[in-house]
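Inside the fold
Letter by letter, the chains look like this.
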Amino acid sequence: MSTNWRELFPTKLTFVIFLLYMSLFIGQGIFVTASQESNNSYGYNTVTVVLLTEVFKLIVSTCLYCRDNNLRSLVRDVHKDRNVLALYMVPAFLYCLYNNLAFVNLATFDPTTYYLLLQLRVVVTGILFQIIFKKYLSQRQWISLILLTLGCMMKQVDFGSFYSDTNDDSESAAIQQQQLLNHTSIDKQVHGKNMSGFDFSLSAVFILAQTICSCLAGVYNEYLLKDKGADVNIFVQNVFMYLDSIVCNAVILLLRGELIDAFSPQNLGSIMRFSVLIIIVNNAAIGIVTSFFLKYMNSILKTFASALELLFTAVLCYFLFSIPIYMNTALAIAVVSYAIYLYTQSPVVNLGKVRPLANLSDATVKSTDKRKLLDEEVSESDLDIV
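These lines cover the structure that appears in this document, whether it is placed above or below. Nothing here was measured: the structure is a model prediction, and the numbers come from that model. (Residues numbered from 1 in each chain as written. Predicted model: local features only at pLDDT ≥ 70, side-chain atom pairs only at ≥ 80, totals over all residues. Heavy atoms only, no water.)

Attention now goes to the nonpolar core. Core analysis: the largest hydrophobic core is formed by 64 residues, its most contacted members being Tyr-42, Tyr-44, Val-49, Tyr-88, Phe-103, Tyr-114 and Phe-240. Core analysis: the next-biggest nonpolar cluster, separate from the first, contains 5 residues, Ile-26, Cys-317, Phe-321 and Ile-323 among them. (Core = buried A, V, L, I, M, F, W, Y, C linked by side-chain atoms within 4.5 Å. Buried < 20%, exposed > 50% of the residue type's maximum accessible area, 1.4 Å probe, protein only.)

Summarising the element assignment, Tyr-318 is placed in helix α15 (residues 299-321). Separated by 206 residues in the primary sequence, Tyr-318 and Thr-112 have C-alpha atoms spaced 9.7 Å apart. The contact partners of Tyr-318, leaving out residues within four places of it in the chain, are Ile-323, Pro-324 and Ile-325. (Helix = DSSP H or I, 4+ residues; strand = E, 2+ residues; numbered from the N terminus. Contact = heavy atoms within 4.5 Å.)

Right, let's talk about the pattern of salt bridges for a bit. Enumeration over the complete set of coordinates arrives at 3 salt bridges. Note that Lys-57 is salt-bridged to Glu-54, the shortest N-O span being 3.3 Å. With Lys-57 and Glu-54 both in helix α3 (residues 46-65), this residue pair falls 3 residues apart, about one helical turn. Per residue, the accessibility class of Lys-57 equals that of Glu-54, and both read buried. (Salt bridge = Lys/Arg side-chain N within 4 Å of Asp/Glu carboxyl O.)

So, on to helix α4 (residues 71-80). Residues of α4 that are buried: Ser-73, Leu-74, Asp-77 and Val-78. Around the axis of α4, the buried residues are gathered within 135° of arc, so they sit on the same side. In α4, the exposed positions angled more than 90 degrees off the buried face are occupied by Arg-72, Val-75, Arg-76, His-79 and Lys-80. Contacts from the buried residues of α4 go to α3, α5 (82-87) and α12 (234-255). The opening residue of α4 is Asn-70, an N-cap whose side-chain oxygen sits 3.2 Å from the backbone nitrogen of Arg-72. (Arc of directions from axis to C-beta. Polar contact = N/O pair within 3.5 Å; in protein donor to acceptor, adjacent residues only side chain to side chain.)

The quantities given are spatial measurements derived from coordinates; they are silent on function.
In structure tokens form, the structure reads like this:
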């Protein structure tokens, strides 16, 4: 069966969004790791960085909306759809936890291990997708999801132990065994990072929490974009998300007793560095691109985009941070890549009430015009792929 590219990417622009989404997420792991101190800690307040990222997203989304409208119109739309604004508090809170946990987990795990462990979310996403959208996955789609999860689990396998000969009590075997033990120790901690994966510690709890937040937030956000808020301008929906996210992050700072101190000249000075500002810009771009991704594609394809990032992240981390690629990592990436290939042969299509996106101007079509467009058939030119 050949790959159904037209179902995966209905238009050229959706394919560009897919590539952009992947590139930005690869950058997230790289930039956050590069901003860490020698002991893997952060010389800046990470919650403040997340909050400033949401503020930047809000400014960008407002500017994009005001290209064809004005601020008065934005205020009017926000007031008119305030019920949708309230609904966005749920994914905003989940994304708030996700974004803050990303800094915590990237201080513990190297980027490749971090992204591999996050792929545990794909099966959960598949289940939530079926429950919320009533679109049941085929056998081939479930096989691809299960393979993806197994690929992530392979990261746990210590292939070095298979080469040890426990029945050989010779001196050379003892030396070889010691070398393997030393090698395993290096595997698990490179530059102070956990490279062994899931180890049933507090870090495992944090990565599980981030995974659950990602699953719930992604599927629920897609539901709002395609159902409850389908008739709302996408930039207005982004404004809803970022307003709620700012409130959530401010509450976290308040609970930690850092709300005032977080914006002191000293703390802001530690953020006003290129290595930190690039994180804010990159993560802001991720948030905006993700909204287009979920509105015009779906959360299942989003999880596979995240899995595809593994290959590029592993290679970049090898060259940038001298983090080695061992056999278990290479095999895990290979299985994940095959799962992605299998999925492309029978992708999930879920546009809901949304028309395929051919150009950015379609995203700002007014609600009254959008209902007319939904009744029109998509022209053949809209479905062309590179």
